[in-house]
Amino acid sequence: MRVLGVDPGLTRCGIGVVDGVAGRRLTMAGVGVIRTPVEAEIPERLVLIERGLEEWLDEHRPEAVAVERVFSQHNVRTVMGTAQASAVAMLCAARRGLPVALHTPSEVKAAVTGSGRAEKAQVGAMVTRLLGLSAAPKPADAADALALAVCHIWRGPAQNRLQQAVAAQQATPAPQYRRKGTV
């Protein structure tokens, strides 16, 4: 499976592509950052992010896209920019019919380090080790994007099976019981 991980942001949008399946060695197919100028208007920055994502999707042809789920922060402006960049990533994937998975930062940290409270340096070190890289990708947004892809490869199949089981259970009519002695 090939997954494009996206660590959304208006100034720096981390992008990472990982190949592999759960239980086997993973390999990095690409990593980078889409940058936008701080002085540009938000609509222009979103267009630049969209163009960058489309280039990555064209070049790497992933089977799924994993995006960091936006979480509440104290800085509303940061949350808004992150949410807008996240929406662009989901739109680009949906336009191509690619499945999109949202993973929380703590879920990603737990998947790659074993602790949902890991520091960025720990995530970078584990991504480096897991993917057999000579050094941690810089900036941290790039390493975070790879971590998202790794998390999805490892957790995605289990989540899909759970979702399918829930859907099947909801589609099955509830059994009808009769009281003993009634017709």
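Reading guide: rules and limits
Residues numbered from 1 in each chain as written. Predicted model: local features only at pLDDT ≥ 70, side-chain atom pairs only at ≥ 80, totals over all residues. Heavy atoms only, no water. UniProt positions renumbered as here; feature names shortened; annotations may be inferred. Axes fitted to C-alpha atoms, helices over the stretch in contact; angles between N-to-C directions. Helix = DSSP H or I, 4+ residues; strand = E, 2+ residues; numbered from the N terminus. Parallel < 35°, antiparallel > 145°, perpendicular 65-115°, else oblique. Left-handed = near helix turned anticlockwise from the far one by under 90°. Contact = heavy atoms within 4.5 Å. Nonpolar A, V, L, I, M, F, W, Y, C, P; charged D, E, K, R; others polar. Buried < 20%, exposed > 50% of the residue type's maximum accessible area, 1.4 Å probe, protein only. Pairing = 2+ DSSP bridges.

- As recorded in an unreviewed UniProt entry, the chain goes by Crossover junction endodeoxyribonuclease RuvC and comes from Streptomyces oryzae.
- Its UniProt record gives the chain a comment under Catalytic activity (unreviewed entry), which states: "Endonucleolytic cleavage at a junction such as a reciprocal single-stranded crossover between two homologous DNA duplexes (Holliday junction)."
- Quoted verbatim from the Subunit (unreviewed entry) heading of the UniProt record, the comment on the chain is "Homodimer which binds Holliday junction (HJ) DNA. The HJ becomes 2-fold symmetrical on binding to RuvC with unstacked arms; it has a different conformation from HJ DNA in complex with RuvA. In the full resolvosome a probable DNA-RuvA(4)-RuvB(12)-RuvC(2) complex forms which resolves the HJ."

### Remarks on the packing of helix α1 (residues 42-60) against helix α2 (residues 76-95)
Part 1 of the argument: Contact geometry for α1 and α2: axes closest at 9 Å, N-to-C directions at 40°. By the angle between their axes, α1 is oblique relative to α2. Crossing geometry of α1 relative to α2 is assigned as right-handed. Only Gln84, Ala85, Val88, Ala89, Cys92, Ala93 and Arg95 of α2 make contact with α1, whose side of the interface consists of Ile42, Leu46, Ile49, Glu50, Leu53, Glu54 and Leu57.
Part 2 of the argument: Tallied by class, the residues present in the contact of α1 with α2 amount to 10 nonpolar, 1 polar and 3 charged.

### A few points about the UniProt feature "binding site: Mg(2+) 2" (unreviewed entry) in the chain
Part 1 of the argument: Within this structure's numbering, the places UniProt gives as "binding site: Mg(2+) 2" (unreviewed entry) are Glu68.
Part 2 of the argument: Considering the arrangement of structural elements, one finds Glu68 in strand β4 (residues 64-68).
Part 3 of the argument: Apart from residues lying up to four places away in sequence, Glu68 is in contact with Val6, Asp7, Pro8, Ser86, His103, Pro105 and Leu148.

### Observations concerning the UniProt feature "active site" (unreviewed entry) in the chain
Part 1 of the argument: Following the UniProt record, the feature "active site" (unreviewed entry) maps to Asp7, Glu68 and Asp141 here. A compact arrangement is adopted by the annotated residues: their sequence extent is 135 residues, whereas the largest C-alpha distance between any two is 10.9 Å.
Part 2 of the argument: Tracing the chain through its elements places Asp7 in strand β1 (residues 2-7).
Part 3 of the argument: Given a relative accessible area of 5%, Asp7 falls into the buried group.
Part 4 of the argument: When residues no more than four places from it in sequence are discounted, the contact partners of Asp7 are Arg12, Cys13, Gly14, Glu68, Asp141, Asp144, Ala145 and Leu148.
Part 5 of the argument: A relative accessible area of 14% places Glu68 in the buried class.

### Let's talk about the sheet that holds strand β3 (residues 27-35)
Part 1 of the argument: Taking strand neighbours across the sheet as the criterion, the 5 strands line up as β3-β2-β1-β4-β5 in an open arrangement whose pairing is mixed. Looking along the sheet, the strands with just one partner apiece sit at the ends: β3 and β5 (100-103). The sheet shows a mean angle of 20° between the axes of neighbouring strands, taken without regard to direction.
Part 2 of the argument: Two elements, strand β2 (residues 12-19) and β3, share 8 bridges in a ladder whose sense is antiparallel. Bridge pairing in β3 links Val17 to Gly30.

### Some details on unusual backbone geometry
Part 1 of the argument: Across the junction of Lys138 and Pro139, the peptide omega takes the value -5°, indicating a cis bond.
Part 2 of the argument: Tracing the chain through its elements places Pro139 in the loop between α4 (120-130) and α5 (140-171).
Part 3 of the argument: Positive phi is not limited to glycine here, since Arg61 has a value of about 45°.
Part 4 of the argument: Mapping Arg61 onto the fold places it in the loop between α1 and β4.

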